[in-house]
Structures are given as C-alpha cells and as structure tokens.
Amino acid sequence: MSWTDERVELLKKLWSDGLSASQIAAELGGITRNAVIGKVHRLGLSGRAKSPSSAAPRPRKARTSGHMLRVSRPAIRGNTALAYDYDLEPEPQLLEIPVEQRKTLLQLNEHTCRWPVGDPGAGDFFFCGGDTANELPYCSYHCRVAYQPAHDRRRDKRPFRG
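Caption draft 1: Geometry of the packing of helix α1 (residues 5–16) against helix α2 (residues 21–28). The N-to-C vectors of α1 and α2 enclose an angle of 145°; their axes lie 10 Å apart at closest approach. For the element pair α1 and α2, the recorded crossing hand is right-handed. Contacts from Arg7, Leu10, Leu11, Leu14 and Trp15 in α1 reach Ile24, Glu27 and Leu28 in α2. Here the residues of the contact of α1 with α2 sort into six nonpolar, no polar and two charged.

Laid out in structure tokens, this is it:
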C-alpha cells in the first residue's frame, strides 16, 4: 500500500473531522491504525476536532447524603503478608540530667555514661555522664533505652507458607 495524494488528503480530512486512527484505517481500507498514526505523525498533523461527547464535561454524580461515611484505613504500604504487630513497651520517661553530671567529650572515661544528648553541632551538646552499669558504655537508664532484649527484636517464627 502506498500513500497517494488522494489518500493523504482523505486522511487529513478524516483526521480533522475527529475520527480515530482505527476508524480512518477502516475508511481507507488495506491499512492498519498504526500506519495511520505514523503517517499523521510524519505529516505533523495536530489540532483535531473534538467529538461532541468529549467537548462537554460530564455531569457529576450527586453525593448521597449521610449514608456513606469514609472509614479510615491504617496506612500500611507494601507487602503486608509478613507484617508483625509488635507490642511495644512504653518508652522510658525522659530523664532530666543534672548540670553537674553532664560531661563533654574530653571529660568522658570508662566509668561515665557516653549517651549523647542534643545536636553535636550545637553549643549545648553534652553526654549524660552518669555512672555506667556493669562495664557498659551507658548508665542503667540509657541501657534500657539502647539495649532491647533479643526475644523482643526477633521476628515471629511461624513457618512461612508460600
């Protein structure tokens, strides 16, 4: 199939009338919709007439009054098959560290709590400085925050069913 001048003119007319590429292919005969799209592209045709159905906006559906309420759903994304509902124990209450206990980096030793408090770039940054617990780097309070029992961290050990 070759594009003759008559077929090209008919293509331009049908395209400007708003026919789809499939409809134009059927009208011309012996040609595919992709061939029509390719020729339209090569000719640089644009500015299609809008079909009557797409020119007017669709009327909106009226909302039902009061019968349907939106129910909020949990915001879980991704694969929820392996989601585990953890029972988190409450966070320890924030501890107010006395000013005389606070230490700078140069004042720390093996017997002082090395828990950082604040923004390291700020002038009011300090370390806890309390007495360490059992040769750990933190005091007993910060050990409870930093170290969590292994049985609480492990995933549910139910067998995987795939």
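Caption draft 2: The state of the cysteines, seen in detail. Tallied over the full model, the rule gives zero disulfides. Here Cys128 is not cross-linked by a disulfide; its sulfur's nearest cysteine counterpart is in Cys113, at 3.8 Å.

Caption draft 3: Spatial organisation of the environment of Ala146. Mapping Ala146 onto the fold places it in helix α5 (residues 140–146). Separated by 31 residues in sequence, Ala146 and Trp115 place their C-alpha atoms 9.2 Å apart. Non-local contacts of Ala146, meaning those with residues more than four positions away in its chain, are made with Trp115 and Tyr138.

Caption draft 4: Spotlight on α1. Under the 1.5 Å per step criterion, the end-to-end length of α1 is 17 Å for 12 residues, consistent within 8% with the ideal 16 Å. Of all the residues in α1, the buried ones are Arg7, Val8, Leu11, Leu14 and Trp15. The buried residues of α1 all sit within an arc of 130° when viewed along its axis, so they share a single face. Along α1, the residues that are exposed and aim more than 90 degrees away from the buried face are Asp5 and Glu6. Those residues of α1 that are buried lie in contact with α2 and α3 (33–43).

Criteria and cut-off values
- Residues numbered from 1 in each chain as written.
- Predicted model: local features only at pLDDT ≥ 70, side-chain atom pairs only at ≥ 80, totals over all residues.
- Heavy atoms only, no water.
- Axes fitted to C-alpha atoms, helices over the stretch in contact; angles between N-to-C directions.
- Helix = DSSP H or I, 4+ residues; strand = E, 2+ residues; numbered from the N terminus.
- Left-handed = near helix turned anticlockwise from the far one by under 90°.
- Contact = heavy atoms within 4.5 Å.
- Nonpolar A, V, L, I, M, F, W, Y, C, P; charged D, E, K, R; others polar.
- Disulfide = S-S within 2.5 Å.
- Expected span 1.5 Å × (residues − 1).
- Buried < 20%, exposed > 50% of the residue type's maximum accessible area, 1.4 Å probe, protein only.
- Arc of directions from axis to C-beta.

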